[in-house]
Every structure is written in structure tokens, then in C-alpha cells.
Amino acid sequence: MVERLAEGIFLARDLATTPASDMGPEELAAAAQKVAKKEGARCKIIVGDKLLEKNYPTIHAVGRASTRPPRLVDITWGDDSAPKVTLVGKGCALTQAGSI
């Protein structure tokens, strides 16, 4: 268990501290997809203008200033009724949705 925790901490640190020129939306989404696959989770990625179609206008608005299309990564696993944790940004903020 300690090894898995350390692995997760190191991955999060590496993703958050990699310069944006090397770790943009596409690379971050690919890393998230890799973790989801490894852990048997479901991963959905919404890219660019599809964000508007799926009613995520704020993510689209912030991301459209870049030459790289914005992405929303949704990873789910476990019991659908369990509490949800939402990560926003590139290691910048953590918010919790739902109740514990």
C-alpha cells in the first residue's frame, strides 16, 4: 500500500511540476487515461468545441486562448453512489463534490 501511495504522489508531483510547454492538455489527458486504464477505471475525455456541446462553456472559454484545445477528463470507478472528488486544473486546485 505504501508503494502505491508513493507512486501516486510522485506521479501527481511530476505532472503538476512539468512545464506547460511539455505538459499541455493533450499530454495531461493521455497521462490520466493511462492511469485509468491501469486501475480498471472508465475514462471519458471531452475536447475543444465538444465542451460547448456538453455544456462546459467556462472550460472552453479559458482554454480557447491557447493554440492547444482544452480538455475535460472524467475518470470514474467504483460505486456510482460513492462520494465524488473533482480535480480542477493542472495540480492547482482540489474540490470535493457531493457529500461524505
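All values derive from a computational prediction rather than experimental measurement.

A. Quick peek at the pattern of salt bridges. Taken as a whole and assessed by the stated rule, the structure comprises five salt bridges. A salt bridge links Glu-39 to Arg-4; the shortest N-O distance between them is 2.8 Å. In this pair, Glu-39 is assigned in helix α2 (residues 25-39) and Arg-4 in helix α1 (residues 2-17), connecting sequence segments 35 residues apart. Classification of Arg-4 by relative accessible area gives exposed; the value is 58%. Across the pair Glu-7 and Lys-38 runs a salt bridge, and its minimum N-O distance is 2.4 Å. Here Glu-7 is found in helix α1, whereas its partner Lys-38 is found in helix α2, with 31 residues between them in sequence. Of the residues examined, Glu-7 reaches a relative accessible area of 45% and is grouped as partly exposed.

B. Region of interest: the side chain of His-60. One can find His-60 in helix α4 (residues 57-63). Under the relative-accessibility criterion, His-60 is labelled buried at 7%. Apart from the residues within four sequence positions on either side, His-60 is in contact with Gly-48, Asp-49, Leu-51, Leu-52 and Pro-70.

C. Representation of a nonpolar patch on the surface. Taken together, the side chains of Leu-5, Ile-9 and Phe-10 make up a nonpolar region of the molecular surface, amounting to roughly 310 Å² of accessible area. As for its placement among the helices and strands, Leu-5 is situated in helix α1. In this structure Leu-5 comes out as exposed when scored by relative accessible area, which is 54%.

D. Structural view of α2. Under the 1.5 Å per step criterion, the end-to-end length of α2 is 21 Å for 15 residues, consistent within 8% with the ideal 21 Å. Where α2 is concerned, the buried positions are Ala-29, Ala-31, Ala-32 and Ala-36. Along the axis of α2, the buried positions cluster into a sector of 160°, meaning they face one direction only. Among the exposed residues of α2, those pointing more than 90 degrees away from its buried face are Glu-26, Lys-34, Lys-37 and Lys-38. The inward-facing, buried residues of α2 abut α1, β1 (42-47) and β2 (71-76). In the segment just after α2, Gly-40 is the residue with positive phi, at about 75°.

E. Spatial organisation of the packing of α1 against α2. Here α1 crosses α2 at 165°, and the two axes come no closer than 11 Å. Comparing their axes, α2 and α1 come out roughly antiparallel. Here α1 and α2 pass one another in a crossing that is left-handed. Of the residues in α2, those touching α1 at Arg-4, Glu-7, Leu-11 and Leu-15 are Leu-28, Ala-31, Val-35, Lys-38 and Glu-39. Considering only residue class, the contact of α1 with α2 consists of five nonpolar, no polar and four charged.

Each value, and the rule that gives it
- Residues numbered from 1 in each chain as written.
- Predicted model: local features only at pLDDT ≥ 70, side-chain atom pairs only at ≥ 80, totals over all residues.
- Heavy atoms only, no water.
- Salt bridge = Lys/Arg side-chain N within 4 Å of Asp/Glu carboxyl O.
- Helix = DSSP H or I, 4+ residues; strand = E, 2+ residues; numbered from the N terminus.
- Buried < 20%, exposed > 50% of the residue type's maximum accessible area, 1.4 Å probe, protein only.
- Contact = heavy atoms within 4.5 Å.
- Patch = residues over 30% accessible without salt bridge, like charges linked within 9 Å, V, L, I, M, F, W, Y side chains within 5 Å.
- Areas by Shrake-Rupley, 256 points an atom, 1.4 Å probe, with all protein chains shown as cover.
- Expected span 1.5 Å × (residues − 1).
- Arc of directions from axis to C-beta.
- Axes fitted to C-alpha atoms, helices over the stretch in contact; angles between N-to-C directions.
- Parallel < 35°, antiparallel > 145°, perpendicular 65-115°, else oblique.
- Left-handed = near helix turned anticlockwise from the far one by under 90°.
- Nonpolar A, V, L, I, M, F, W, Y, C, P; charged D, E, K, R; others polar.

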